[in-house]
There are 2 protein chains.
Amino acid sequence: MAYTIKDVAKKAGVSIATVSRVLNNQPGFSEKTKKKVQHVIEELGYEPNAVARGLINNKTHTIGVLFPELSSMLVTDFLNGIETMAHELGSSVIVCHTEADGEKTMKYLQLLNEKRIDGIIFVSAILKEEYYNYIRKMGIPMVLLSTESYAYPVPYVKVNDQHAAYSATKYLLNKGHNKIGMISGSKDDLIAGKPRIMGFKMALKDSGIAFTEDNIIYSKGFGFQDGLDGMEKLMKQSPEISAIFAASDEIAFGALSFAYQHGIKIPDDVSIIGYDNLSIAEMAIPPLTTVGQPLIKMGKTAASMLFEMLESGNVFVENRILPHEILERETVREKR
Amino acid sequence: MAYTIKDVAKKAGVSIATVSRVLNNQPGFSEKTKKKVQHVIEELGYEPNAVARGLINNKTHTIGVLFPELSSMLVTDFLNGIETMAHELGSSVIVCHTEADGEKTMKYLQLLNEKRIDGIIFVSAILKEEYYNYIRKMGIPMVLLSTESYAYPVPYVKVNDQHAAYSATKYLLNKGHNKIGMISGSKDDLIAGKPRIMGFKMALKDSGIAFTEDNIIYSKGFGFQDGLDGMEKLMKQSPEISAIFAASDEIAFGALSFAYQHGIKIPDDVSIIGYDNLSIAEMAIPPLTTVGQPLIKMGKTAASMLFEMLESGNVFVENRILPHEILERETVREKR
DNA sequence: CTCTTTTACGTAAACGTTTACGTAGAGTGG
DNA sequence: CCACTCTACGTAAACGTTTACGTAAAAGAG
């Protein structure tokens, strides 16, 4: 069994209170006893028990992160950012993947509650009433990452999807394209679906280009297969378009693949711009032009916000809208 | 503040011992009091404090996972498997990314020790003496994932890299190629580097093909850039080869990209087989033929092993060599 | 030199559980 | 109806810390 504070106290010939004080740098000990205690600690290799500390301090220095899925490539970077910042601030991260399943999510929340974690980061999913109420009862701070809640006052960090989509579309317009299509995610998705569609439409409108429903494909999700299918439909439905805005990089990969399989040259025949800037975007063939979210930074920011709330005791903190940027690579070409 | 067992006891008119007994289904209470207690629990929404439980039971139902980096695409699937199995078995997962930094790793180990986690999964990195000794002192079980230790008796789960590399090479040979190159990782990497090189050489030898050092490029790591550079060197150095074994999928992507940029047709001019079967392998252009590791399954297996050790109290458990498989897609072609 | 303040501790309670032990009452066998 | 065994509890200690409170000695003020 590992040594306890008692062992240290006994060996150093002081009380456990004194040991605790030097451990936590609280006033009330002389330089001499400090040296003595530290020496014993060193000698025994004593390390304090965070569980016992957690019990009395009501603080576990652990936060929970809920992802809908661990397979999406977005989460890697988010997690990376969160973990880096959390560790920097002295906390550990427990990951949970809910598979976008309400029941599973509630089970996880219960587990996290029992573990008495300090805070929650909720990623890329809709914050249902049930979740919100439960977390509220837990009485710990929460921040949303890459999602937001219209119903509840929960701070979030995101990019402005509508602006970003607007930028992407505008970028294509500026390259001389005027027949532009979009492969969007679900139009019922209020977080990642609708705003991007809105941004797309708005950019067209602002450029005086008529929008027709034929130019947009609504897929179910934001995955590779959706891109593959979406591209097929779009090409059939609107063969005249010369550029496409894909609502995610994975969709763009699907579109790229379909194009490759059917002899459509990218960007010669049609230009494609993606959304996300996943690490593999630059590995694509050809390297994918995309509007990038600062994924790692977003993760870091979410973690910082959480710790800010933790320290200040505030239940709310300012939302953060991080800037997107367009990464010009090789899937978009000026229209001749 | 959340309710405690005392609140439940008082409200139910029993002692805390009784509440604890019904919570843990230990004998010593009547059906009637059980109902009564459960009713109060329901009513208050009481949930036990896992921290207090951890303190007295010396078990936190939490395991730690150490990754060298969270950005590699392998970890997503590993983590997915680990988290799924751990959760199934009632434990949470704390992720740590050590950035392959010894000092950082030790810091993490110390943190995990203080948190009194139940076990450790150590992924894709060399188990240094320092780490091993420390974990040993912690007195908790550990399993290695996608790595192994020659120096210490630690159970691991892996695929047989040498066999897998042999299979990959053999696959190319069977397609009629006899000038085969390899872009390997570091030859000093005893886990992922050397065995794959050995398998490659052995397959050539068994087919009676002379091996020349010109046909192999030793890169530093297993990333995209390594593939890009490696392909360039290889093409310059040995233009006669018709097929390439890439020691990782990311390397293969790099090679694919270089080929694309320089008008080398894959698989018409040269065939490529990768290693890993990352989820993006099938999104490549063209879809990447590769020898696949069952990544998620490996993660699950590692977690199962850890829990087996935890339950049985054994310090050791059988190693698991999981089968690899060749995924035939479109980057390898029969040689005319 | 005396009185007060400060310093440097020690003692013990508290955090929320589990569990060994004790005990009163019910049930059982003869 | 007695002796015994169960059953169904309650009491209190323990897990490893932190911290409020008490106190003796040292330091400082006059």
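The structure we're discussing is the one just above.
This section reports on the structure supplied with the text. The numbering scheme is per chain: residues are counted from 1 as the chain's sequence reads. To read the labels, note that chains go from A and ligands from 1, taken in the order they are written. Note on the predicted model: pLDDT of at least 70 is required for a residue's local features to be given, and 80 or more for side-chain atom pairs to be given and counted; whole-chain, interface and lining totals, by contrast, use all residues. Note: side-chain values were computed over all heavy atoms of the structure, leaving out hydrogens and water.

### Things to note about the nonpolar core
Put simply, a nonpolar core is a bunch of buried Ala, Val, Leu, Ile, Met, Phe, Trp, Tyr and Cys residues held in one set by side-chain atoms that sit within 4.5 Å of each other. Here's how the labels work: a residue is buried when its accessible area is under 20% of the maximum for its type, exposed when over 50%, partly exposed in between, all with a 1.4 Å probe on protein chains only. In terms of nonpolar packing, the biggest core is built from 156 residues, with I121, F245 and I272 of chain A together with I121, F245 and I272 of chain B touching the most fellow members. Apart from the residues within four sequence positions on either side, I272 of chain B is in contact with M231, I244, A252, A255, L256, I266, L288, T289, T331 and V332 of chain B. Counting residues in hydrophobic clusters, the runner-up holds 44 residues, among them Y134 and V154 of chain A together with M106 and Y132 of chain B. Any pair of residues with heavy atoms lying within 4.5 Å of one another is described as a contacting pair.

### Focus on the packing of aromatic side chains
Ring pairs shown here join Phe, Tyr and Trp side chains whose ring centres sit within 6.5 Å, with only the six-membered ring taken for Trp; geometry is labelled stacked below 30 degrees between planes, edge-to-face above 60, and tilted in between. Under the criterion given, the structure shown has 10 aromatic pairs over all chains. Judged by centre distance (5.8 Å) and plane angle (50°), the ring pair of F122 of chain B and Y131 of chain B falls under tilted. For the pair formed by F122 of chain B and Y131 of chain B, the shared burial category is buried. A ring is scored as having a charge over it whenever the NZ atom of a lysine or the CZ atom of an arginine sits within 6 Å of its centre and within 35 degrees of its normal. When the ring centre of Y275 of chain A is taken as origin, the NZ or CZ atom of R196 of chain A, which lies over that ring, is 3.9 Å away.

### So, empty space enclosed by the protein
A probe as big as a water molecule, rolled over the atoms, marks out the empty space that is left. A pocket here means an open set of points on a 1 Å grid, computed over the protein atoms alone, that has protein on both sides within 12 Å along at least five of seven lines. A cavity is instead a set of points where a 1.4 Å probe fits but cannot get out; residues with an atom within 4 Å of a point line either one. Grid points are joined across faces, edges and corners, and a volume is the space filled by probe spheres set on the points. What the rule picks out here adds up to 6 cavities of 30 Å³ or more. One number sums up the size of the largest cavity: a volume of about 150 Å³. Lining the largest cavity, in full, are F253, L256, I280, M283, A284 and I285 of chain A together with F253, L256, I280, M283, A284 and I285 of chain B. Of all the elements in the fold, those that place two or more residues in the lining of the largest cavity are α11 (249–261) of chain A together with α11 (249–261) of chain B. Under the scheme used here, helices are H or I runs from DSSP no shorter than 4 residues and strands are E runs no shorter than 2 residues, and both carry numbers assigned from the N terminus.

### Topic: the relation of the copies chain B and chain A
It takes a turn of 180° to lay chain B on chain A, together with a shift of 0.0 Å along the axis; the resulting RMSD is 0.0 Å. One copy is carried onto the other by what is essentially a two-fold rotation axis. Across chain B, the rotation axis passes nearest the C-alpha of I94 of chain B, at a separation of 2.2 Å. The share of interface residues of chain B whose copies in chain A are also at the interface is 100%, consistent with both copies meeting through the same surface. In this comparison the copies share one frame, found by least squares on the C-alpha atoms of residues holding pLDDT of at least 70 in both.

### A short note on the interface of chain B and chain A
At the interface, 53 residues of chain B touch 53 residues of chain A. Buried area: the sum, over both parts, of the accessible surface (1.4 Å probe) that disappears when the two are put together. Both faces considered, chain B and chain A share a buried interface measuring about 4800 Å² in area, 60% of it formed by carbon and sulfur atoms. The largest contributions to the chain B side of the interface with chain A come from E47, M283 and I285 of chain B, which together make up 14% of the buried area. One speaks of a salt bridge when a side-chain nitrogen belonging to Lys or Arg is within 4 Å of a carboxyl oxygen belonging to Asp or Glu. Along the contact surface separating chain B from chain A lie 0 salt bridges. Contacts described as polar in this section are N or O atom pairs within 3.5 Å, which, within protein, must combine one atom able to donate a hydrogen with one able to accept it, while residues neighboring in sequence count only if both atoms come from side chains. Our count for the contact surface shared by chain B and chain A stands at 23 residue pairs in polar contact (both at pLDDT 80 or more). The dominant element in the side of chain B that touches chain A, judged by the number of residues it contributes, is helix α5 (residues 73–88) of chain B, at 7 residues. Here the residues of the side of chain B that touches chain A are counted per class, giving 27 nonpolar, 17 polar and 9 charged. Where strand β2 (residues 92–97) of chain A meets strand β2 (residues 92–97) of chain B, 3 bridges bridge the pair, whose relative direction is antiparallel. Along β2 of chain B, the bridge assignment pairs V95 of chain A with V93 of chain B. The nonpolar class holds Ala, Val, Leu, Ile, Met, Phe, Trp, Tyr, Cys and Pro. Asp, Glu, Lys and Arg form the charged class, and all remaining residues, Gly among them, are polar. For two strands to count as paired, DSSP must find a minimum of two bridges between them.

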